[in-house]
Every structure is written in structure tokens, then in C-alpha cells.
Amino acid sequence: KECAKAFYAAGSKLVLCGRDSKKLKDLVQQLSTMTNHQKNTHKPHTVVFDLSDTKTVLNAAEEILKYLGHVDILINNAGISFRGTIVDTGLDVDKKVMETNYFGPIALTKALLPSMIKRRQGHVVAISSIQGKISVPFRSAYAASKHATQAFFDCLRAEVEQYDIDVTVVSPGYIQTNLSLNAVTADGSRYGVMDKNTAEGQTAAEVAQVVLNAVGQKKKEVVVAGLTPYLAVYLRNLFPRLFFTLMAARAKKERKAKDS
């Protein structure tokens with residue numbers, strides 16, 4: 001929603017995608033009442049589909065191209081989080097998280113990529129996570145999906161440079177969204193808890209502005225996180241044994257807090 005507001009205010013012609021038709025219509029209404037949209041006369045178009053159902057992605061891409069003719073900027077922003085122990089998590093939960101966070105975005109990217117290559121123009125943005133660079137306990141399915149996302153779009157960036165197509169990976173830390181509330185647990189049920197770190201994270205509007213600026217400056221990668229997550233990334237790369245020790249201590253602390 002906040003990315004839509006930021007890009008709309010900058011004058012972009014939007015195609016808003018999601019599973020909930022009503023929420024998309026409500027967002028279109030909100031955008032139309034914005035006072036800082038610099039007289040944007042492009043009414044947003046909506047395409048309803050579930051990104052986790054990769055069979056519907058091709059049809060959605062066709063609809064998008066039919067409406068726009070081409071896509072200048074693709075922002076892959078759908079995501080679902082996870083909370084649970086590996087030993088208690090069924091493989092179906094791992095697959096569910098991977099379908100939404102990894103297979104869905106790459107399916108949509110692949111569907112739109114040929115038209116970008118043909119025009120030798122386009123920009124693909126992947127909203128990943130700091131957990132695409134480091135893994136923390138009890139987030140295995142989420143971290144794995146974001147690591148896969150990071151790797152895929154790093155490969156894509158190298159492969160499409162010859163076609164003058166840009167690829168940006170944005171890796172935020174904690175953002176004030178409903179991500180933790182809607183996270184799935186080991187048995188597939190809804191987590192339903194607002195984590196303290198999430199509640200105290202950056203606002204979605206702030207991160208949306210970072211995304212807008214990153215696209216404007218054609219940055220290849222942006223990490224949007226506080227000092228601690230930032231240091232953790234460097235610690236993982238430079239002093240892995242220390243990082244592993246700290247993560248084991250964190251796991252022990254979280255498990256103890258849960259059991260008490």
C-alpha cells in the first residue's frame with residue numbers, strides 16, 4: 001500500500017495486484033483522494049490473483065501487459081512470515097512459505113521478463129529481507145525463502161545487464177506491518193502476535209520512500225535496517241563462529257522465554 005502511494009505521488013501509472021479485490025478497490029479510492037500526487041491523472045488498474053498459485057501468474061501477466069502494453073518497473077512485494085521450530089514444522093508449511101515468497105515472485109518476473117528484454121528496458125525490484133542475508137532461530141522457512149530470493153535476483157541482475165535491465169534487491173529489517181500477525185506457525189495456523197521488534201520497526205511509508213529512491217537511482221542493492229541487523233550481516237561474513245554462538249544463545253533464550 002505504501003509503495004503504491006509513493007509511486008503514485010511520483011506520477012507512476014500503477015497496476016495493483018493482490019488476492020483481495022475489495023482491499024485493492026479501497027486502495028484505488030485512497031490514491032484518488034491523495035493531495036500530494038502532483039496531479040497524477042493515471043487511474044490505477046487492479047489485477048486480482050493469488051501469487052502463491054503459480055498457475056494463475058501467467059494469466060495475470062497477460063492481463064497486465066494487455067492493459068499497459070509494457071511494464072517499466074516490477075515490484076515484487078508479496079510475502080508471508082513464519083514462526084516455529086524446524087523439528088515441529090511440516091514440509092507443507094515450508095512449501096507454503098516458499099510458494100508465496102519465492103516461486104510466486106520469480107514466476108511473475110519470468111512472465112514479464114521477455115517483454116522487458118524485447119524493449120531492452122525495465123527495472124525489476126525484489127523486496128527481500130535482512131533474513132535473506134542472515135538466519136535467526138525459529139524463522140527457518142522465511143529465512144530460507146528470502147535467501148533463495150536474494151540468490152535468484154542476484155543471478156538475474158548479472159544475466160540481464162546486457163539488455164539494459166536493472167535489478168534492485170531491497171533488504172529491510174523490521175517494519176511496522178502485519179507480517180508477524182499473519183505469519184504461519186509450525187502447524188500452519190496463524191501466529192497472531194505482534195512482535196515487539198516489528199512494532200518498533202521502521203514505518204512502511206519510510207521503507208516505501210527508500211524503494212522509490214532506489215529505483216530512481218537504479219541501485220543494485222539496498223539494506224534498510226538498524227545498526228544491530230546491519231552489524232549481524234558483517235558478523236556472519238567476517239566472524240561466522242561468533243555469529244553462530246550468538247544465534248545459539250538467542251535460540252536458547254527464546255525457547256526458555258516460551259517455556260516459562
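Scroll up to find the structure this text is about.
All values reported here derive from a predicted model rather than from experimental measurement.

Visitor: Account for the overall build of the protein, naming residues and giving values.
Guide: Scanning the protein for helices and strands turns up nine helices and eight strands. Over its C-alpha atoms the protein spans a radius of gyration of 19 Å, differing by no more than 12% from the 18 Å that the globule rule assigns to 260 residues. In terms of overall dimensions, the protein has a C-alpha envelope of 55 × 40 × 35 Å along the principal axes. Of all 260 residues assigned to the protein, the portion counted as buried reaches 43%. Pairs at least 24 apart in sequence give 71% of the contacts found in the protein among residues at least 6 apart. Just so you have it, the protein exposes about 14,500 Å², and 54% of that area is on carbon and sulfur atoms. Positive and negative side-chain charges of the protein, numbering 35 and 24 respectively, have mean locations separated by a distance of 3 Å.

Visitor: Hey, could you go over the pattern of salt bridges for me, with residue numbers and the actual values?
Guide: Per the stated rule, a full pass over the model turns up eight salt bridges. The salt bridge involving K22 is made with D26; its shortest N-O contact spans 3.0 Å. Within this pair, K22 and its partner D26 are both found in helix α2 (residues 21-32), separated by four residues, close to a single helical turn. For K22, a relative accessible area of 56% gives the class exposed. A salt bridge links D166 to K218; the shortest N-O distance between them is 3.7 Å. Separated by 52 residues along the polypeptide, D166 in strand β6 (residues 165-172) and K218 in the loop between α7 (204-216) and β8 (221-224) bring together distant segments of the chain.

Visitor: Outline the packing of helix α1 (residues 2-9) against α7, listing residues and values.
Guide: Remark: α1 packs on α7, axes separated minimally by 8 Å, with the N-to-C direction vectors making an angle of 50°. By the angle between their directions, the pair α1 and α7 is classed as oblique. Where α1 crosses over α7, the two elements pack in a sense that is right-handed. Within the contact between the two elements, α1 uses E2, C3, A6 and F7 and α7 uses A204, A205, A208, Q209, V211, L212 and V215.

Visitor: Lay out empty space enclosed by the protein in plain terms, naming residues and giving numbers.
Guide: A complete count under the given rule lists one cavity of 30 Å³ or more for this structure. Each pocket or cavity is described by its volume, and for the largest cavity that value is around 50 Å³. As for the largest cavity, its lining consists of N76, A78, N101, P105, A126, I127, K146, T149 and F153. Of all elements in the fold, only α4 (91-119), β5 (122-127) and α5 (140-160) reach the threshold of two or more residues within the lining of the largest cavity.

Definitions and limits used
Residues numbered from 1 in each chain as written. Predicted model: local features only at pLDDT ≥ 70, side-chain atom pairs only at ≥ 80, totals over all residues. Heavy atoms only, no water. Helix = DSSP H or I, 4+ residues; strand = E, 2+ residues; numbered from the N terminus. Rg over C-alpha atoms; globule rule 2.2 N^0.38 Å. Buried < 20%, exposed > 50% of the residue type's maximum accessible area, 1.4 Å probe, protein only. Contact = heavy atoms within 4.5 Å. Areas by Shrake-Rupley, 256 points an atom, 1.4 Å probe, with all protein chains shown as cover. Lys, Arg positive; Asp, Glu negative; His and termini not counted. Charge placed at Lys NZ, Arg CZ, Asp CG, Glu CD. Salt bridge = Lys/Arg side-chain N within 4 Å of Asp/Glu carboxyl O. Axes fitted to C-alpha atoms, helices over the stretch in contact; angles between N-to-C directions. Parallel < 35°, antiparallel > 145°, perpendicular 65-115°, else oblique. Left-handed = near helix turned anticlockwise from the far one by under 90°. 1 Å grid on protein atoms, 1.4 Å probe; cavity = no way out; pocket = protein on both sides within 12 Å on 5 of 7 lines; lining within 4 Å. Points joined across faces, edges and corners; volume = space filled by probe spheres on them.

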